[in-house]
Amino acid sequence: MKKELYLYNTATMRKEKFAPLREQAGMYCCGPTVYNYAHIGNLRTYIFEDVLKRTLIACGYDVKHVVNITDVGHLVSDADTGEDKMETGAAREGKSVWDIAEFYTKKFMADISSLNILQPDVWPKATDYIAQMIDIVKSLEEKGFTYTTGDGIYFDTAKFPQYCDFARIDPETLRAGERVDMGDKRNVTDFALWKFSPKDAKRQMEWDSPWGVGFPGWHIECSAMSLAHLPQPLDIHCGGMDHIRVHHTNEIAQTEAATGEKFANFWLHGEFLVLDKGKMAKSGGNFVTLDTLRDKGVSPLGYRMFCYTAHYRSPLTFSFEGAASAEHGLLNLRKIVSSLNKSGGTAVNAGNVNQPLKSFTDALCDDLNMPRAMAAVWEGLRSDKLTDGEKLAFVTEADKVLGLDLFAPAGNNRTEITEESEGYRIFLSINGELSPSLKAAIVSKAVLRKKSRAAKDFKTADLIRGQFAAAGIAVKDLPGGVTECVVDDPGRAEGAL
């Protein structure tokens, strides 16, 4: 029997009992725009979505999870002005847009892996769904929802009377906003479905369309990719709070206008991670990544635990001191679990285990209340009414949702491997596990560095050392011609090599 789960629905502004519309619950989450590193504010949203998915599974639901990759069309301004963020990233680094997309996609996937976020079932990339986007725009055009300006095809929000409903937009505020320069737009809320390429410059990413050469708007991408993989209405659509006013409002308008059906049943949004100077953003100086935390001694899972100190719908104020405290708490939890393991406790009464597990599950089923859930974990582990075996049984179930690897050693979990390649010996000291492809990449680069040094090609040798440093791998030449590579964070290395 499935457990009763209550979730706060942004669309209705109240908690509602979740009931999937089909046997398999469809869950779509707005993914990253891969033009830069994900900051820890972005990653807080993906952690909340992972808890949601894990909770759905724990409650007995089958879930199909889709997370998109935006690799084109997301302009710097929500007002459909400015340069495409992907083009901005390419200009910043002197690379092609395609290279930028590939690099930051890999880095994002490495970040979520190190955070123990479960992989989605599908990772659709916007550039693979151009045809589906064009089809939706054509449908909107045929139904009279579009008009053409000098720079693109726009959705006419005046033709969609319920446009303001989702975000509770005040029409009077909109009318006041119409006094600003809107270019050729008819209404301040109108948004681009398809943008024309500039006449005086060639974009790196552009496609033919019935309206001329151009590229998709940001909002049309999510409609096309979600409907390509999930039946409509979607059971759950997730994102950050900043998506409500523009991105998700526009998704609803264009999707429901095109299909004539409700777009999604439940809408869940995670609140901001804030610093003293406001929300974290790539455009400002307050930009902290997982690598920044690692440099400060906070592991990715320590940050995951830090996110559990506030409800996902509450702003969470970030500080390095708070993150360090969460790291310390995680290590203490692991020490407790380790001591329980060593005690060899095996006596387990299922009824006793169900008591703390119910408190934990009740917190999850009350709109993913993680502070309450964590309190239930500590209470269960400190209880004098449970045997060591019962505590282990409880924490085993709890960690399926927490995703904190509570059975990992409290200290470093080091593995040592010696590899022989082309007559060279490479000694690997690893905190965790390496994928076969990453191990091969490290050994290959270490051998190339040794060969370059032997040939006095110090420029190449230094370049490889720099690549290792960027991946968080320390390299040392030991006596006897052995090269030591110390890998403290395989997730970081996976995205950088």
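Residues numbered from 1 in each chain as written. Predicted model: local features only at pLDDT ≥ 70, side-chain atom pairs only at ≥ 80, totals over all residues. Heavy atoms only, no water.

Caption draft 1: Looking closely at the environment of lysine 185. Inspection of the secondary structure assignment puts lysine 185 in the loop between helix H5 (171-177) and strand S7 (191-196). Considered as a pair, lysine 185 and cysteine 238 are 53 residues apart in the sequence and their alpha carbons are 29 Å apart. With residues up to four places along the chain from it excluded, the contact list for lysine 185 reads Ala79, Tyr147, Tyr154 and Asp190. A distance of 2.9 Å separates a polar atom in the side chain of lysine 185 from the backbone oxygen of aspartate 190. (Helix = DSSP H or I, 4+ residues; strand = E, 2+ residues; numbered from the N terminus. Contact = heavy atoms within 4.5 Å. Polar contact = N/O pair within 3.5 Å; in protein donor to acceptor, adjacent residues only side chain to side chain.)

Caption draft 2: Highlighting the pairing of strand S10 (residues 264-270). With seven of seven residues buried, S10 lies mostly within the body of the structure. Inspection of the sheet shows strand S9 (residues 234-240) paired to S10 by six bridges, in the parallel sense. The residue of S10 that forms the bridge with cysteine 238 is leucine 268. Each parallel crossover has a hand, and for S9 linked through helix H7 (residues 244-259) to S10 it is right-handed. (Buried < 20%, exposed > 50% of the residue type's maximum accessible area, 1.4 Å probe, protein only. Pairing = 2+ DSSP bridges. Right-handed = clockwise from strand over helix to strand, strands pointing away.)

Caption draft 3: Structural view of the sheet that holds S9. An order of S4-S3-S9-S10 is seen for the four strands of this open sheet, with the pairing classed as parallel. Since the sheet does not close on itself, it has two edges, and those belong to strand S4 (62-67) and S10, each with one partner. The average angle at which neighbouring strand axes cross in this sheet is 20 degrees, direction not considered. As paired strands, strand S3 (residues 24-29) and S9 are joined by three bridges and run parallel to one another. What sits directly across from tyrosine 28, in S9, is histidine 237. Contacts from helix H1 (residues 40-58) reach S3, S4, S9 and S10 within the one sheet, and its direction differs from that of S9 by about 155 degrees. (Axes fitted to C-alpha atoms, helices over the stretch in contact; angles between N-to-C directions.)

Caption draft 4: Fine view of the nonpolar core. Core analysis: the largest hydrophobic core is formed by 72 residues, its most contacted members being Ile236, Tyr303, Phe360 and Leu402. The element best represented in this core is H1, accounting for eight residues. Sequence-distant contacts of isoleucine 236, defined by excluding residues within four places in its chain, comprise Leu7, Phe18, Gly26, Met27, Tyr28, Leu52, Leu56, Phe266 and Leu268. (Core = buried A, V, L, I, M, F, W, Y, C linked by side-chain atoms within 4.5 Å.)

Caption draft 5: Structural context of helix H11 (residues 350-365). The end-to-end C-alpha distance of H11, which contains 16 residues, comes to 21 Å, matching closely the 22 Å that a straight helix rising 1.5 Å per residue would cover. A bend of about 30 degrees at leucine 357 is the largest found in H11. Turning to H11, its buried residues are Val353, Pro356, Leu357, Phe360, Thr361, Ala363, Leu364 and Cys365. Of the residues flanking the start of H11, the one acting as N-cap is asparagine 349, its side-chain oxygen 2.8 Å from the backbone nitrogen of glycine 351. Among the residues trailing H11, aspartate 367 stands out with phi positive, at a value near 60 degrees. (Expected span 1.5 Å × (residues − 1). Bend = angle between axes of the 7 residues up to and from the residue.)

Caption draft 6: Quick look at empty space enclosed by the protein. Using the criterion set out here, one finds four cavities of 30 Å³ or more in the structure. Space inside the largest cavity adds up to approximately 120 Å³. Phe48, Cys307, Ala310, Tyr312 and Met370 are the residues nearest the centre of the largest cavity, which is lined by 14 residues in total. The leading source of residues in the lining of the largest cavity is H1, at five residues. Classifying every residue of the lining of the largest cavity gives nine nonpolar, three polar and two charged. Here the second largest cavity is characterised by a volume of approximately 70 Å³. The wall of the second largest cavity is formed by Cys29, Tyr46, Glu49, Asp50, His65, Val67, Phe108, Ile112, Ile117, Leu118, Pro120 and Trp123. Listing elements by their share of the lining of the second largest cavity, those giving two or more residues are H1, S4 and helix H3 (97-114). The greatest single-element share of the lining of the second largest cavity, amounting to three residues, is contributed by H1. Partitioned by chemical class, the residues of the lining of the second largest cavity number nine nonpolar, one polar and two charged. (1 Å grid on protein atoms, 1.4 Å probe; cavity = no way out; pocket = protein on both sides within 12 Å on 5 of 7 lines; lining within 4 Å. Points joined across faces, edges and corners; volume = space filled by probe spheres on them. Nonpolar A, V, L, I, M, F, W, Y, C, P; charged D, E, K, R; others polar.)

Geometric values such as these leave the question of function open.
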